[in-house]
Amino acid sequence: VSFCQDSNGFIHVDVNNPWASARIALQGAQLTSWVPKGEEPVIWLSKEASFLKGKSIRGGAPVCWPWFGPHESQGDFPAHGFARTALWEILRVETQTDGTTQLTFLLPETAFPKNQWPYATTLKSHITIGSHLEVDLVTHNLGSQPIIIGQALHTYFRVEDVRTVRLLGLEECIYLDKVEGGDRKVQKGSVNFTQETDRIYLGATQDILIEDPLMKRQIRITKNGSASTVVWNPWIEKSAKLGDMGEEGYLHMVCVENANAAEDMITLAPGAEHHLWVRYSIL
Ligand code: TA6
């Protein structure tokens, strides 16, 4: 593991082990690259991604916390919470017996804007880098009141051409279609991409496969049971509006996010911990 600081003062953690290489920005504890040995990169990062302090990085695996999407009441609070633009600390780097590397990051209380989150809470992220990748996002309620958490691991996966990609494993799941005013629908067959797609699949507990025929690979997503799955591709117009997706960037990515993003927000009792866990593997 090595640390490097780029010309913007951004600190990156570079991991190299017998199984894979990876890069994590200390801002947001945001994974920005994961390349299992012998594989093509699995994580998409926009060519226009700006590494500017306090600005969200387009791509990688952003940590959305302690709310998902726009804040329900304070319009000027940042979308997807403040965790992804805050400076985290790295607590531990451990080489496991199987040769994988586990890193533990902490979002310190000093990074919590008190006007946005006046609660005694800690957030940790345990990232394991190997031929598979695991992220375990742990919220700990240190306060005396219950807290309500919305969150997501907003991971951008790299695909050759999203128009040829199918998502398997969401068949018959109920989802909220955010492109159509949040209408509740039922998923029929695989998920395909022919337009802007922005959906919250509720309580989808089984594994999800991103099938990429052109790269001749499948990315398997295993997650803990209590979460929903957000599927997003901005397509042409929205990509242009976002401004940092890069030329035709939308064709080479799909977001499949382990989340508590809607009715499944987490109410965390005083002293309790909640784990948002996910594992990515390549088939
Ligand atoms: O996860 C999907 C989503 O909520 C979309 O609605 C879109 O807003 C996307 O996240 C990107 O959000 P960002 O704040 O990273 O531009």
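In what follows, the structure referred to is the one given above.
As the structure is a computational prediction, the values presented were derived from the model and not from experiment.

Visitor: Whenever I open this one, the sheet that holds strand 22 (residues 273–282) confuses me. Can you help?
Guide: Strand pairs in the sheet, formed through backbone hydrogen bonds, run parallel or antiparallel to each other. Reading across the sheet, the 8 strands line up as 6-7-8-9-22-18-17-13 and stay open at both edges, with antiparallel pairing between neighbours. Strands at the two margins of the open sheet, each flanked by one partner only, are strand 6 (89–95) and strand 13 (166–168). Neighbour-to-neighbour, the strand axes of the sheet open up by a mean angle of 15 degrees, direction not taken into account.

Visitor: Help me out: how do you make sense of unusual backbone geometry in this one?
Guide: The phi torsion of most residues other than glycine is negative, and most of the peptide bonds are trans. Cis geometry is adopted by the peptide bond preceding P66, which originates at W65 and carries an omega value of 5 degrees. Relative to the helices and strands, P66 resides in the loop between strand 5 (63–64) and strand 6. Even without being a glycine, H80 presents a positive backbone phi close to 70 degrees. Structurally, the position occupied by H80 is in the loop between strand 5 and strand 6. Here H80 falls in the buried class, since its relative accessible area comes to 13%. The backbone of E248 sits at a positive phi, close to 55 degrees, despite the residue not being glycine. For E248, a relative accessible area of 46% corresponds to the partly exposed category.

Visitor: Would you explain the site of the ligand in this entry?
Guide: Neighbouring residues of the ligand: R58, F68, H80, R84, H154, K178, D198, V230, W232, L242 and E257. One nitrogen or oxygen atom from the side chain of H154 is found 2.9 Å from an oxygen atom belonging to the ligand. The protein chains hide 84% of the 390 Å² of surface that the ligand would expose on its own. Under a 2 Å grid-point criterion requiring more than half of the atoms, the pocket assigned to the ligand is the second largest pocket.

Visitor: Looking at this structure, how should I read the layout of surface pockets?
Guide: To find leftover empty space, a probe the size of one water molecule is rolled over the atoms. Counted as a void, the largest pocket has a volume near 400 Å³. In this structure, the largest pocket is lined by 18 residues; those nearest its centre are P66, W67, E72, I148 and M265. The residue inventory of the lining of the largest pocket, partitioned by class, reads 12 nonpolar, 4 polar and 2 charged. Of the pockets and cavities examined, the second largest pocket occupies roughly 300 Å³. If you trace the second largest pocket, you find 16 residues lining it, with H80, H154, D198, W232 and K238 closest to the centre. At the level of secondary structure, the elements contributing two or more residues to the lining of the second largest pocket comprise strand 19 (228–233) and helix 1 (235–242).

Calculation notes
- Residues numbered from 1 in each chain as written.
- Predicted model: local features only at pLDDT ≥ 70, side-chain atom pairs only at ≥ 80, totals over all residues.
- Heavy atoms only, no water.
- Pairing = 2+ DSSP bridges.
- Helix = DSSP H or I, 4+ residues; strand = E, 2+ residues; numbered from the N terminus.
- Axes fitted to C-alpha atoms, helices over the stretch in contact; angles between N-to-C directions.
- Buried < 20%, exposed > 50% of the residue type's maximum accessible area, 1.4 Å probe, protein only.
- Near = heavy atom within 4 Å.
- Polar contact = N/O pair within 3.5 Å; in protein donor to acceptor, adjacent residues only side chain to side chain.
- Areas by Shrake-Rupley, 256 points an atom, 1.4 Å probe, with all protein chains shown as cover.
- 1 Å grid on protein atoms, 1.4 Å probe; cavity = no way out; pocket = protein on both sides within 12 Å on 5 of 7 lines; lining within 4 Å.
- Sits in = over half its atoms within 2 Å of the grid points.
- Points joined across faces, edges and corners; volume = space filled by probe spheres on them.
- Nonpolar A, V, L, I, M, F, W, Y, C, P; charged D, E, K, R; others polar.

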